[in-house]
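# Results of the structural survey
Below, each chain spelled out in residue letters.
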Amino acid sequence: MRIAHQMNSISTRLAIWYALAATITLACLFGAGYQMLERHLIHGLDLLSAAQFEQIKAHLHPEHDTVEPDRIEERIRSITEYAAVLFYIDIHSKQTGTVFRSNNLNGHSIPDIKGQHNYNVYVDTIGELRVTEFIIGNFDVNIATPLHGVRNVMEGYAEVGLALLGSMLVASLIIGFGLSRMALRPIRIISETANHIRSDNLAERIPVTDVVDEVSDLARMLNQMFDRLESSFNQIRRFAAEASHELKTPLTLVRLHAEKMLVDGGLSQAHEEAAHVQLEELARLDQIIEELLFLSRADASAITLDLKSMNPACFLQDFAQDACVLSEHHGVHFVHTHDGEGQVSFDDKRLRQVLLNLLTNALNASPPGTRVTLRSLLADGLWRLSIEDEGPGLPVEQHEHIFERFVRVNATAATYKGSGLGLAICRSIVGLHHGKIFAASPADEHGLHIVIEICAPDA
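Here is a short report on the structure shown in this document. The shown structure was predicted, so the numbers you read here are calculated from the model rather than taken from an experiment.

## Digging into the environment of H399
Within the element layout of this structure, H399 appears in the loop between strand 10 (382–388) and helix 10 (422–432). Along the chain, H399 and L448 lie 49 residues apart, while their C-alpha atoms are 9.3 Å from each other. If we ignore the near neighbours within four places in the chain, the residues touching H399 are L394, A439, A440, S441 and L448.

See the structure below:
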């Protein structure tokens, strides 16, 4: 999966494209160079053949038009023997046929291609030859030179070219990857910064360089978007805080009037029951407002913790006494365990609030006669708490969803009176401790585990 992701990354693709472009360009240059070099070498052979012809012509001059075939043999045999290593010579005419053939042809004739004065042929026992045809009067003079030297040079050129292409591919991949990493470094900075910005640090911005280019324009555009998001978040937080604060006074007045009506008496039984229902709902609404105020202050980082270095074992022992009473009321058995020695810095009141909230949720989800377990482990610089119930549990896809605000899973208003803010408050408190809280399913997929992890350097 990681390799596939790396192959799909822009830097890897840019490096591959760069390497292919550089290698293909070099291959085209080598191909063009191959053709030019081969043409140049063959042209050199043609020039040598022309020089040899001039020497033959000089030996036949000035009577070449009337010279007898045996006189041709007499005049040029000696010079062809000196050049036998390099030149193959064949002289013939239409009337008399072949009148001269160099000894190195071994009795073979040089093939004549009509209409061609420079061409390549293959002769048995000799190999590939480059032939140039000249005319002296009524005689056709074919002078050929071997091509094996040219072919050897071109094979060496091809081998060197292939080796350089392979080296170019490897080197361009390395260079291309390095260049792409350098070119995309601002993008990575933007991505890391944007990923780091959350609702609790919306004031942070992406650094923008003085260079005016597409990357800096992207950074400025994202910063403008974060400005709008920060403004919207601040407005929502102010609205929640101010609305919660403003609602407390009228709710208090309504509650006082209802209590006064109950104290004064004179109400029918139906009206008295309605007044009690009003007071219960007002108390529930007041609790929701308090929770909203807490979350608003937590979002605004306006809550300070009273951190104390404590022994978790003592803290959990005190909490277990209240937890046992609550569990007995629900017909559920509560047990707790703690392993490890050391001190942890935490706000005992806030963390107690978290554990009570989690315990309440576990008790509401647990059938009578089952067990709720609080496990505590202090080791390796980490304090890990886990509250485990034996209820129906939750699907994995809902584990993260339950920590959102006003989320109540598998609960109705008739069976559960919670506000749906408890776990959101737990996450805020644990976050203030620089810890994390998450849900997990046990191995047998029966029940639910809520896990809290808090750093404990002194453990």
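Here the narrative resumes, following the displayed structure.
## Some words on the sheet that holds strand 12 (residues 449–455)
With respect to topology, 5 strands assemble into an open sheet ordered 7-9-10-12-11, the strand pairing being mixed. In the strand order of this sheet, the two ends are held by strand 7 (333–339) and strand 11 (436–440), each with one partner. Adjacent strand axes in the sheet meet at a mean angle of 15 degrees, parallel and antiparallel pairs treated alike. Of the strand pairs in this sheet, strand 10 and strand 12 are connected by 7 bridges, and their pairing is antiparallel. Looking at strand 12, one finds that W383 is bridged to I454. Helix 9 (residues 348–365) rests against strand 7, strand 9 (371–379), strand 10, strand 11 and strand 12 of the sheet, and its axis sits at about 30 degrees to strand 10.

## Remarks on the packing of aromatic side chains
The final tally for this structure, using the stated rule, is 5 aromatic pairs. Both rings, one in Y34 and one in Y157, keep their centres 5.9 Å apart while their planes meet at 55 degrees; by these two values the pair is tilted. One end of the pair, Y34, is in helix 2 (residues 10–60); the other, Y157, is in helix 4 (residues 148–183), with 123 residues separating them in the sequence. Here F53 and F134 contribute two aromatic rings whose centre-to-centre distance is 4.4 Å and whose plane-to-plane angle is 10 degrees, an arrangement assigned as stacked. Of this pair, F53 sits in helix 2 while F134 is found in strand 4 (residues 127–136), placing the two residues 81 residues apart along the sequence. As far as burial versus exposure is concerned, F53 and F134 are alike and both buried. Taken together, F30, Y34 and Y157 form an aromatic cluster joined through their ring pairs.

## Re the sheet that holds strand 2 (residues 97–101)
Taken together, the 5 strands give an open sheet; going across it, the order is 2-1-5-4-3, and neighbouring strands pair in antiparallel fashion. Here the strands that pair on one side only, and so sit at the sheet edges, are strand 2 and strand 3 (118–123). Mean inter-strand twist for the sheet, computed between neighbouring axes without regard to direction, equals 30 degrees. Strand direction decides the pairing type here: strand 1 (residues 88–93) and strand 2, joined by 4 bridges, are antiparallel. Residue pairing across strands places H92 opposite T98, the latter belonging to strand 2. On top of the sheet, helix 2 reaches strand 1, strand 3, strand 4 and strand 5 (139–146); it is set at about 45 degrees to strand 4, its chief contact.

Basis of the calculations
Residues numbered from 1 in each chain as written. Predicted model: local features only at pLDDT ≥ 70, side-chain atom pairs only at ≥ 80, totals over all residues. Heavy atoms only, no water. Helix = DSSP H or I, 4+ residues; strand = E, 2+ residues; numbered from the N terminus. Contact = heavy atoms within 4.5 Å. Pairing = 2+ DSSP bridges. Axes fitted to C-alpha atoms, helices over the stretch in contact; angles between N-to-C directions. Phe/Tyr/Trp six-rings, centres within 6.5 Å; stacked < 30°, edge-to-face > 60°. Buried < 20%, exposed > 50% of the residue type's maximum accessible area, 1.4 Å probe, protein only.

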